[in-house]
Amino acid sequence: MNRPNLAIIGNGMATCRLLDELDRRGGLGQFQVSVYGEEPHGGYNRILLNTVLQRGSVDEITLKPHSWYAAKGVQFHPGKTVTRLSHAAKRLWTGDRAEHRFDLAVFATGSKARIPFVEGIHRGDGSLKDGVFVYRTVADVESMRARVRPGLPVAVVGGGLLGLEAAKGLTDLGADVTVVHLFDTLMNRQVDAVGGQFLRRAIESLGIKVLTSTSTKAIVGENRVEALVFGGEGRLLCDMVVFSSGIAPRIELAIDSDIPTNAAILVDDTLQSGLAGIYAVGECAEHREAVHGTVMPIYEQCSVLADVLTGANPDARYLGSKVYTKLKVAGVDVASMGRIEARYESDEIVQIVEERRGVYRKLVIENDRLAGAVLVGDSTAAAELVQLLERRVVLPANRLDLLASGDALAGVGSDPEICNCHRVRKSALQAAIQGGCDTLPKLSELTSAGTGCGSCRGQLAHLILQHTHGVAGAARG
Amino acid sequence: MNVPIPILNMSDRNAQTVKTHCPYCAYQCGILMPSGDENAVVGDSAFPVNNGQLCIKGWTSGELLGHSTRLTTPLIRTKSGQLAPTNWDEALGVIADRMQSLQTRYGSDSFGVFGSGALTNEKAYLLGKFARVALRTANIDYNGRYCMSSAAAGSNKAFGIDRGLPFPVSDIARASTILLVGANVADTLPPIMQWFEKQKEAGGRLIVADPRRTATARTADLHLPLIPGSDVAFANGLLFLALDEKVIDKNFIAERTVGFEAARNAALAYPPIVVERLTGLSEASLRTTVRWLASASSSMLLTGRGPEQQSKGVDGVLGFINLMLALGRVGQPASGYGCLTGQGNGQGGREHGQKADQLPGYRLIEVESDRISVAKVWGIDPTHLPRKGKSAFELLNSLGPDGGIRGLLVMGSNVAVASPDAGRIEERLKSLDFLVVCDSFLHETSESAHVILPTLQWAEEEGTMTNLEGRVIRRRRVKQAPTGPRGDIDILCELAKRLGSGDKFGFQSTQEVFEEFRRATAGGIADYSGITYERIDSEDGVFWPCTSEDHPGTPRLFAERFGHADGKARFHAVHYRPAGEQPDDAFPLYLTTGRYKEHYNSGAQTRLVGPLNATRPMPLAQIHPHLAKKLGASSGWRLTLETRRGRAEFSAEVTHDIRTDTVFVPFHWGGRHAVNRLTNPALDPTSRMPEFKVAAVRIAGVRPPEGRAP
């Protein structure tokens, strides 16, 4: 058999999707595909890392077990880092110095956590101090969960999407979490200043402390973390610090292989790099000055690349994606898409602020078309808005029509049903809590909520917590 | 037999009233009809499926019997192209001659047969036998390919058996949560709503996923207006959330299924951020759906043509089955997955050999042991049985000189209206050397026919049907057959005799066909061998499988085991893929098709019924007010819809009940009003179902209603 060799470097979500797209087009028969993955696992869904943090198994987030590669005839090299690649020789070498031939290669090396310059982050021998973590891989969260215990003071440096998800995961494990954010607005890349205020309130109601406009200057502690020192005044005692202050594309191998890069590997509309036969997808690819780190654009890239590689549709072109992100934290509803601020004088801004409901919604409109949106507290309209953003259709004259969510959710919104088994609504639960049910067993006994499938117990605990916070706040004020 | 059965428990005054069933959909309502000249119809309150209720089509079904346009004599096309009356002997003789001469010249497979989900079990069985034994052609298929084939393939893969509903419809009333996907039952199976109403009264919840806010969706607790063609993403997204919410039933999965890991791995690639974008549905509503399904003491998921009539219809069905298996609901009381069959005998019609790949009893024509079993009943050498032939659209698309199928016999189907890309199929029909149509009325397909044979109608002959529950019931002869038309069974036997196979078709009555048919199904998956006309009468129908006369029948499947050899259900890893055609800059909107409650299928019958036609004389194109405003149109304005296959003009119906990106048109009309001239014949790779539910369309013209200045 004389099939061309297709090497895929990296084994993250982009690779898993690319393999599925190739499979659908017969590409796994057309090519001898080899996948080089640094981690020992089959490909997994990185956005579900909190499942592993909550003591779940890697299986629960696995997209492709080892058996999948074998069954599909894909040569899988787990635990192998590609250290060198020669475009001219059409060969690559892994860390164990093994040499592999390829005809075509795809970079899907993703990105790594960016660790900011912080004094005292390293030990004398250059390794990270005990208690310093990043939130990126299964190994990262496995070591985090081994260390965390109830009441442990933890600092999460970076209040972006990933930082807030990590903070929530650690809080669920009982840690006493403080988010330290450099800017004055949490998730400042996705949310504007007003939305940031709503978001902050929602995050704080989960029992997470938030420090904004705070730079982290140094880590105190001999060999292990004891405290953070901030740029201005003050310090925070903590036994653990998790850095989630951004990611950086992994392009060292590309640079060493003379593949043109900027912030990431430069690709054209067919996802081909500056060197013929070498492609890049996902977080390590830069297309028309954009590097995408969310799942849907990466899926779209993989679909085009599979079309191009297999010849299923040689005319397929990737023309860029609209940005759409959501915060995946139970109890805090945030969605953001496109531009979040006005750019031109003619841009229209529609803002709806509902203080008591804790809901903030903002639309950015350019030339009668949706250019972006920020939704905090209630993102039900987002699924439809993102269609309008994508299709660039002319919006209805009454912009408020856009926020009428398409799906008629009976009872959701004003007074949602929390316990679906026993049909107990939020208002009934709040009344019971005010009447003295300050623990989960008491609340369940009185209202039956949480005694069916049990899936609402987290929300019940959250309601109790919210109430006690409210009382404490009132006492202080 | 063939004598009206008096209803014993009725007063003498009604002694001539006969219990039978409605001629239309798969719900097969029990009706009572007088045997005299009057064609009044009332619902049979003693039949436990409809309990006396009927829809407007059922109430008016008697009108067809005495209709003035009914065909009473065979017609033959003259050299000048006119249809002229002829006698039966000549008509049958011409057909047999042409069949033989075309097959001699071009081979046995050059003559095709196209059947229907409207035919009784006896007719469907005999049509399959006629094709294989008398004509010896591989090319037989039927219009059920356009209806239930995706659900059938999905159920066979997952459960090892395909019976639309694995439980009686009355179980609906006992389900705590029901998710209906792409099924507008309030319009398509109206009397079924009584069970949904009972379900609601008992405190149950209903969720309806449909791009339109249909009459059914309006009764729901939650309506999910998903993007046409996004069902696989929807199903996988729900499974993702079921995993996320930790509500899957690990014990059920371990004990009763295989293949969960692969389905889970696939579903993990569908987080809400992806699914929201593909389906247009919010994470909140998806989560609510999963919670309602998982937390209820019993829950059902039922699909209609929405997810099934797609080029990925089978994967959609498998995705929904995955979800219900993962939740541990299949085979549990008032729970599980079911498909709502559409055509009158869509269920029986797909079990007994009018499908290209099938033999009676749900046997497969490419399985050697199945060939041997059936050949034995038919008294032929198994090697003489043809192999698998072409599926419905592929068969029709092969008509004419360049396709190789030179002649076609159509029984009970109006393919010129019901097929996708109908303009192309019309051309194909016209290019045939010889077309025979057996029907009671002229319609769009018979316009191209060389010979038309007038047939008896539903209330004029005997036969059994299998309703959407898998319940085998009897249609009875209520009326004296008029002189002129003949029954389909009679026609097939007469033709077989002329083709030299008379000894295999020596049936004197429908019941004789039924007796042979029972034997032919014995030992198959759809085993009818224990069902008799007498048992059907005394037991309100009998549910298959029923393997002997003392077997009670099987109202509920899967309580203990599934149809696969190991008794376990199968998960399947499925992935979303785009429809055969997605909206783009040139054709920016989705086109989807469906039904009105006043019409049935191609409308060949219902368009002839006064009250039905008066209420719905024409199809309307539903569009959202936002779209209408952009076009400068309002209700009643004429819209020219255009796809890559054709154009058609419709009046606009402006309504909030549809997505802003979607146009809906019902398909019951032919010619200039045929939306199927626009639909896309992209086929599902497994079921060969065409993609009636998704095409990319543009509005190429807008003009005010007739008689109004622009």
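Because the structure is predicted, anything quoted here is derived from the model rather than measured. (Residues numbered from 1 in each chain as written. Chains lettered and ligands numbered in written order. Predicted model: local features only at pLDDT ≥ 70, side-chain atom pairs only at ≥ 80, totals over all residues. Heavy atoms only, no water.)

## Structural notes on the overall build of chain B
- A count of helices and strands for chain B gives 23 helices and 30 strands.
- Taken over the C-alpha trace, chain B has a radius of gyration of 24 Å; the compact-globule value for 710 residues is 27 Å, and the two agree within 12%.
- Taken along the three principal axes of its C-alpha coordinates, chain B extends 70 × 70 × 55 Å.
- Relative to all contacts within chain B whose residues are 6 or more apart in sequence, the contacts with residues 24 or more apart total 73%.
- In the form shown here, chain B has an accessible surface area of approximately 22,200 Å², with 50% of it arising from carbon and sulfur atoms.
- Within chain B, one finds 80 positive and 75 negative side-chain charges whose respective centroids are separated by 3 Å. (Helix = DSSP H or I, 4+ residues; strand = E, 2+ residues; numbered from the N terminus. Rg over C-alpha atoms; globule rule 2.2 N^0.38 Å. Contact = heavy atoms within 4.5 Å. Areas by Shrake-Rupley, 256 points an atom, 1.4 Å probe, with all protein chains shown as cover. Lys, Arg positive; Asp, Glu negative; His and termini not counted. Charge placed at Lys NZ, Arg CZ, Asp CG, Glu CD.)

## Some points on the nonpolar core
- Counting 193 residues, the largest nonpolar core has Leu170 and Leu385 of chain A together with Phe130, Phe159 and Phe234 of chain B as its most contacted members.
- In terms of residue count, helix H7 (residues 231–244) of chain B provides more of this core than any other element does, ten residues in total.
- What Phe234 of chain B contacts, discounting residues up to four positions off in sequence, is Leu179, Val181, Ala209, Leu224, Leu226, Val275, Thr279, Leu281, Leu286 and Phe320 of chain B.
- Of all hydrophobic cores here, the second largest spans 50 residues; its members include Ile8, Tyr69, Val82 and Phe107 of chain A. (Core = buried A, V, L, I, M, F, W, Y, C linked by side-chain atoms within 4.5 Å. Buried < 20%, exposed > 50% of the residue type's maximum accessible area, 1.4 Å probe, protein only.)

## Observations concerning the confidence of the model for chain A
Residues and elements named next belong to chain A.
- Chain-level pLDDT for chain A is 91 on average; 94% of the residues reach the 70-or-more range.
- pLDDT under 50 marks residues 408–413. Its contacts with residues more than four places away, or in other chains, come to 14 contacts.
- Here residues 473–477 is a poorly scored stretch, pLDDT under 50, and it has zero contacts once near neighbours within four places are set aside; other chains count. (pLDDT = per-residue confidence, 0-100.)

## A few points about the interface of chain B and chain A
- Taken together, the 44 residues of chain B in the interface contact 47 residues of chain A.
- Counting the surface chain B buries against chain A, the share from its top three residues, Leu268, Ile273 and Arg277 of chain B, is 20%.
- Where chain B packs against chain A, one counts six salt bridges.
- The salt bridge involving Lys246 of chain B is made with Glu60 of chain A; its shortest N-O contact spans 3.9 Å.
- At the junction of chain B with chain A, the criterion picks out 15 residue pairs in polar contact (both at pLDDT 80 or more).
- When contributions to the side of chain B that touches chain A are tallied by element, the ones reaching two or more residues are strand E10 (222–224), H7, helix H9 (260–267), helix H10 (272–279), helix H11 (283–295) and helix H23 (625–631) of chain B.
- Examining the composition of the side of chain B that touches chain A, we find that seven residues originate from one element, H11 of chain B, more than from any other. (Buried area = accessible area lost by both parts, 1.4 Å probe. Salt bridge = Lys/Arg side-chain N within 4 Å of Asp/Glu carboxyl O. Polar contact = N/O pair within 3.5 Å; in protein donor to acceptor, adjacent residues only side chain to side chain.)

## Re the side chain of Thr294 of chain A
All names here are of chain A.
- Take Thr294: it is sitting in the loop between strand E20 (285–287) and helix H9 (295–310).
- On the basis of relative accessibility, which here comes to 19%, the residue Thr294 falls in the buried class.
- If we ignore the near neighbours within four places in the chain, the residues touching Thr294 are Tyr324 and Thr325.

## Examining the sheet that holds strand E9 (residues 205–209) of chain B
Residues and elements named next belong to chain B.
- The sheet built from five strands is open, its strands ordered E10-E9-E8-E12-E13 with parallel pairing. Of all the strands in the sheet, just E10 and strand E13 (336–339) have a single pairing partner and so form its edges. Geometrically, the sheet is characterised by an average inter-axis angle of 15° between neighbouring strands, direction not taken into account.
- Here strand E8 (residues 177–181) runs beside E9; their pairing, made up of five bridges, is parallel. Among the inter-strand pairings, Leu179 is bridged to a residue of E9, identified as Ile207.
- Sheet contacts for helix H6 (residues 193–201): E8, E9 and strand E12 (299–303); angle to E8, the most-contacted strand, approximately 145°.
- Sitting on the sheet, helix H13 (residues 313–326) touches E8, E12 and E13, and the angle it makes with E12 is about 175°. (Pairing = 2+ DSSP bridges. Axes fitted to C-alpha atoms, helices over the stretch in contact; angles between N-to-C directions.)

## Details of the environment of Leu363 of chain A
All names here are of chain A.
- Tracing the sequence through the fold places Leu363 in strand E24 (residues 359–366).
- Expressed as a C-alpha distance, the spacing of Leu363 and Val374, which sit eleven residues apart in the sequence, is 6.6 Å.
- What Leu363 contacts, discounting residues up to four positions off in sequence, is Glu348, Ile349, Val350, Leu370, Gly372, Ala373, Leu385, Arg399, Leu402 and Leu403.

## Quick word on the pairing of strand E23 (residues 348–354) of chain A
- As defined by bridge partners, E23 of chain A adjoins E24 of chain A across seven bridges and the pair is classed as antiparallel. Considered in E24 of chain A, the bridge of Val353 of chain A is made with Tyr360 of chain A.

## Focus on unusual backbone geometry
- Each neighbour pair has its own omega, and for Trp544 of chain B with Pro545 of chain B the value is -5°, a cis peptide bond.
- Counting through the fold element by element, Pro545 of chain B comes out in the loop between strand E21 (542–543) and strand E22 (569–570).
- Backbone geometry at Ser213 of chain A places phi at a positive 50°, although glycine is not the residue there.
- Turning to its location among the elements, Ser213 of chain A is positioned in the loop between strand E12 (209–211) and strand E13 (216–220).

## Description of helix H7 (residues 193–205) of chain A
All names here are of chain A.
- Along its 13 residues, H7 runs 19 Å from first to last C-alpha, staying within 8% of the 18 Å computed at 1.5 Å per residue.
- Gly195, Gly196, Phe198, Leu199, Ala202, Ile203 and Ser205 are the residues of H7 that are buried.
- Downstream of H7 by a residue or two, Gly207 has a phi angle that is positive, lying close to 90°. (Expected span 1.5 Å × (residues − 1).)

## A look at the packing of helix H2 (residues 88–106) of chain B against helix H19 (residues 488–498) of chain B
Residues and elements named next belong to chain B.
- Between H2 and H19, whose axes approach to 9 Å, the crossing angle comes to 55°. Taken together, the axes of H2 and H19 are oblique relative to one another. Of the two elements, H2 crosses H19, and the hand of that crossing is right-handed. Mapping the contact onto sequence places Trp88, Asp89, Leu92, Gly93, Ile95, Ala96, Met99 and Gln100 in H2 and Ile491, Glu494, Leu495 and Arg498 in H19.
- For the contact of H2 with H19, the per-class residue count stands at seven nonpolar, two polar and three charged. (Parallel < 35°, antiparallel > 145°, perpendicular 65-115°, else oblique. Left-handed = near helix turned anticlockwise from the far one by under 90°. Nonpolar A, V, L, I, M, F, W, Y, C, P; charged D, E, K, R; others polar.)

## Section: the sheet that holds strand E5 (residues 83–85) of chain B
Residue and element names in this part refer to chain B.
- Reading across the sheet, the seven strands line up as E5-E4-E18-E17-E16-E6-E7 and stay open at both edges, with mixed pairing between neighbours. If you trace the sheet from one side to the other, it starts and ends with E5 and strand E7 (140–142), each paired once. Pairwise comparison of adjacent strand axes, ignoring direction, gives a mean angle of 20° for this sheet.
- Sheet analysis places strand E6 (residues 111–115) next to strand E16 (residues 407–411), joined by four bridges and oriented parallel. Within E16, the residue paired with Gly112 across the bridge is Leu408.
- In the packing of H2 onto the sheet, the strands contacted are strand E4 (75–77), E6, E16, strand E17 (434–439) and strand E18 (451–454), and the crossing angle to E18 comes to about 135°.
- Each of E16, E17 and E18 touches H19; the most contacted strand, E16, lies at about 150° to it.

## Overview of the environment of Val323 of chain A
- Turning to its location among the elements, Val323 of chain A is positioned in the loop between H9 and strand E21 (324–329).
- Sequence spacing of Val323 of chain A and Gly246 of chain A is 77 residues, and the spatial spacing of their C-alpha atoms is 17 Å.

## Notes on the pattern of salt bridges
- For the structure on display, the rule yields 84 salt bridges over all chains.
- Note that Arg518 of chain B and Glu515 of chain B form a salt bridge whose closest N and O atoms lie 2.8 Å from each other. One end of the pair is Arg518 of chain B and the other is Glu515 of chain B, both in helix H20 (residues 510–521) and three residues apart, which spans about a single turn.
- For Glu515 of chain B, a relative accessible area of 32% puts it in the partly exposed group.
- One network of salt bridges, with partners in common, ties together Lys326 of chain A together with Asp244, Glu245, Glu276, Glu283, Arg287 and Arg291 of chain B.

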